[in-house]
Amino acid sequence: MLIKTLAAATLALGLGHAAVANEAIKVGVTTTGTPFTFVDTSTQATTGAMVDLAKAIAADNGMGANFEVSAFSALIPSLQTSKIDMISAGMFATDERRRVVDFSETVYSYGDAMFVAADDSTNYTLDGLKGETVGAQIGTTFADQLKALGTFGEVKLYDSLADIMRDVKLGRIKAGFGDAPIIAYQISKTPALGVRLVDGYTPMKTGDVALAVSKENPELLAKVNASIEKMKANGEMAKIFAAYGL
């Protein structure tokens, strides 16, 4: 009887550990944030620096990571409605966003870039585009900053950087704005996009990228921050970003 009882207890304990090990966190990402988050065309798998970081954080806490792909503008609403547990993308931790979600410690910092058609040799300033139509991705801080300037004829909003680049190449808009490392990476990998970065452009603002969690989940935030601190100290985070040219 004692042997049977011990065996049952051991089995129950084993199942308990298995349940913890099999627990997975739902992570929201977007496919338009290369090299932070994108789809590897050879495998159709979601990949990128922020994807690898989320996997490492989950593993550090004994969990798996399931990735939910959505438009950038839908990431925070998905977090607020519990469709996902965490956002791991090229998202700035702004004061406005902090009012509705909680952000982790900073994991990367960068500013915006301006891009124009590849055959346009002018290195514009913001004032040099007065009255012109420019483009930015909906839901980004860059879109709000451009509108606040009051310089342009129109700030046209797009769902993705790819759409902005297409319209810049075709001459439908004069210039586009977006995340500097994302644009630089895409242009370097795909010259056929037909756009180039404007040399000498000064970013409107530099932002801090962080992971986001629901304000209702402080326990998860604490775990994420502990993992980030550990990976900064042991160099793992630097290796993750370096693998994507960041």
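Residues numbered from 1 in each chain as written. Predicted model: local features only at pLDDT ≥ 70, side-chain atom pairs only at ≥ 80, totals over all residues. Heavy atoms only, no water.

### Some details on the nonpolar core
Counting 45 residues, the largest nonpolar core has Met50, Leu53, Met86, Val107, Phe115, Leu211 and Phe241 as its most contacted members. Elements with a contribution of two residues or more to this core: β1 (24–29), α2 (49–60), β7 (108–117), α6 (161–169), α7 (180–189), α8 (218–234) and α9 (236–242). Per element, the largest residue contribution to this core is eight residues, and it comes from α2. If we skip the residues at most four places from it in the chain, Val107 touches Met50, Leu53, Val209, Ala210, Leu211, Ile228, Met237 and Phe241. Membership of the second largest hydrophobic core comes to 15 residues, among which are Met114, Leu146, Val155 and Ala175. (Core = buried A, V, L, I, M, F, W, Y, C linked by side-chain atoms within 4.5 Å. Buried < 20%, exposed > 50% of the residue type's maximum accessible area, 1.4 Å probe, protein only. Helix = DSSP H or I, 4+ residues; strand = E, 2+ residues; numbered from the N terminus. Contact = heavy atoms within 4.5 Å.)

### Points about the pattern of salt bridges
For the structure shown, the criterion picks out seven salt bridges. In this structure, the salt-bridge partner of Asp102 is Lys215, at a minimum N-O distance of 2.9 Å. Taken together, the residues Asp102 in strand β6 (residues 102–103) and Lys215 in the loop between β13 (212–213) and α8 connect sequence positions 113 residues apart. It is possible to trace a salt-bridge network through shared partners that takes in Lys156, Asp163, Arg166, Asp167 and Arg172. (Salt bridge = Lys/Arg side-chain N within 4 Å of Asp/Glu carboxyl O.)

### Quick notes on the environment of Leu146
Tracing the backbone shows Leu146 in helix α5 (residues 141–149). Taking C-alpha positions, Leu146 is 14 Å from Asp179, a pair spaced 33 residues apart along the chain.

### Quick word on the pairing of strand β9 (residues 154–158)
Two elements, strand β8 (residues 133–137) and β9, share five bridges in a ladder whose sense is parallel. Within β9, the residue paired with Thr133 across the bridge is Glu154. Between β8 and its parallel partner β9, the chain crosses via α5, and the hand of that crossover is right-handed. (Pairing = 2+ DSSP bridges. Right-handed = clockwise from strand over helix to strand, strands pointing away.)

### Focus on the layout of surface pockets
Within this model, the largest pocket holds a volume of roughly 460 Å³. Looking at the largest pocket, it is lined by 25 residues, and the ones nearest its centre are Thr94, Glu96, Arg97, Thr141 and Asp144. Elements with a minimum of two residues in the lining of the largest pocket: α3 (75–80), α4 (95–98), α5 and β12 (206–209). If one sorts the elements of the lining of the largest pocket by residue count, α5 sits on top with five residues. Looking at the lining of the largest pocket residue by residue, the class counts come to ten nonpolar, eight polar and seven charged. Considering only enclosed or pocket space, the second largest pocket measures out at about 270 Å³ in volume. Along the walls of the second largest pocket sit 15 residues, with Thr31, Thr34, Phe38, Gln186 and Thr190 positioned nearest its centre. Partitioning the lining of the second largest pocket into residue classes produces seven nonpolar, seven polar and one charged. (1 Å grid on protein atoms, 1.4 Å probe; cavity = no way out; pocket = protein on both sides within 12 Å on 5 of 7 lines; lining within 4 Å. Points joined across faces, edges and corners; volume = space filled by probe spheres on them. Nonpolar A, V, L, I, M, F, W, Y, C, P; charged D, E, K, R; others polar.)

All quantities given are derived from atomic positions and should not be read as evidence of function.
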